[in-house]
Amino acid sequence: MKIQEVRELSTNELVERLQTEVEKLHQMRLNHAITPLENPSLIKAARRDIARMKTVLRQRELNK
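What this report covers is the structure whose coordinates are included nearby. (Residues numbered from 1 in each chain as written. Predicted model: local features only at pLDDT ≥ 70, side-chain atom pairs only at ≥ 80, totals over all residues. Heavy atoms only, no water.)

Observations concerning the overall build of the chain
Summing up its helical and strand segments, the chain has three helices and zero strands in all. Counting from the amino terminus, the chain carries its helices and strands in the arrangement α-α-α. Put simply, 67% of the contacts in the chain that link residues at least 6 apart link residues at least 24 apart. For the chain, the accessible area works out to roughly 5000 Å², and carbon and sulfur atoms hold 51% of it. In the chain, 13 side chains carry a positive charge and 9 a negative one; their mean positions are 8 Å apart. (Helix = DSSP H or I, 4+ residues; strand = E, 2+ residues; numbered from the N terminus. Contact = heavy atoms within 4.5 Å. Areas by Shrake-Rupley, 256 points an atom, 1.4 Å probe, with all protein chains shown as cover. Lys, Arg positive; Asp, Glu negative; His and termini not counted. Charge placed at Lys NZ, Arg CZ, Asp CG, Glu CD.)

Here it is in structure tokens:
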């Protein structure tokens, strides 16, 4: 997910999306521990998406 896509989401949508992405990341890590993923770089991409979302939320919080 690109930063522009994240910025276009409303705050409520962003919070919901963040929660689902965090759950997805935990599930991927668990699955990777049991049986290696075909593409382990997906974990890295998910972490970065979560960081982008948290950054935008923090920016919005500071701009209020």
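Structural notes on the pattern of salt bridges
Here the structure, examined in full by the defined rule, presents four salt bridges. Several salt bridges share partner residues, and in doing so they unite R17, E21 and K24 into one network. (Salt bridge = Lys/Arg side-chain N within 4 Å of Asp/Glu carboxyl O.)

Observations concerning the nonpolar core
The tendency in soluble globular proteins is for nonpolar side chains to be buried side by side. Ranked by size, the top nonpolar core spans 12 residues in total: V6, L9, L14, L18, L25, M28, I43, A46, I50, M53, V56 and L57. Only α2 (11-34) and α3 (41-63) provide two or more residues apiece to this core. Examining the composition of this core, we find that six residues originate from one element, α3, more than from any other. Excluding anything up to four places from it in sequence, V6 contacts M1, L14, R52, M53, V56 and R60. (Core = buried A, V, L, I, M, F, W, Y, C linked by side-chain atoms within 4.5 Å. Buried < 20%, exposed > 50% of the residue type's maximum accessible area, 1.4 Å probe, protein only.)

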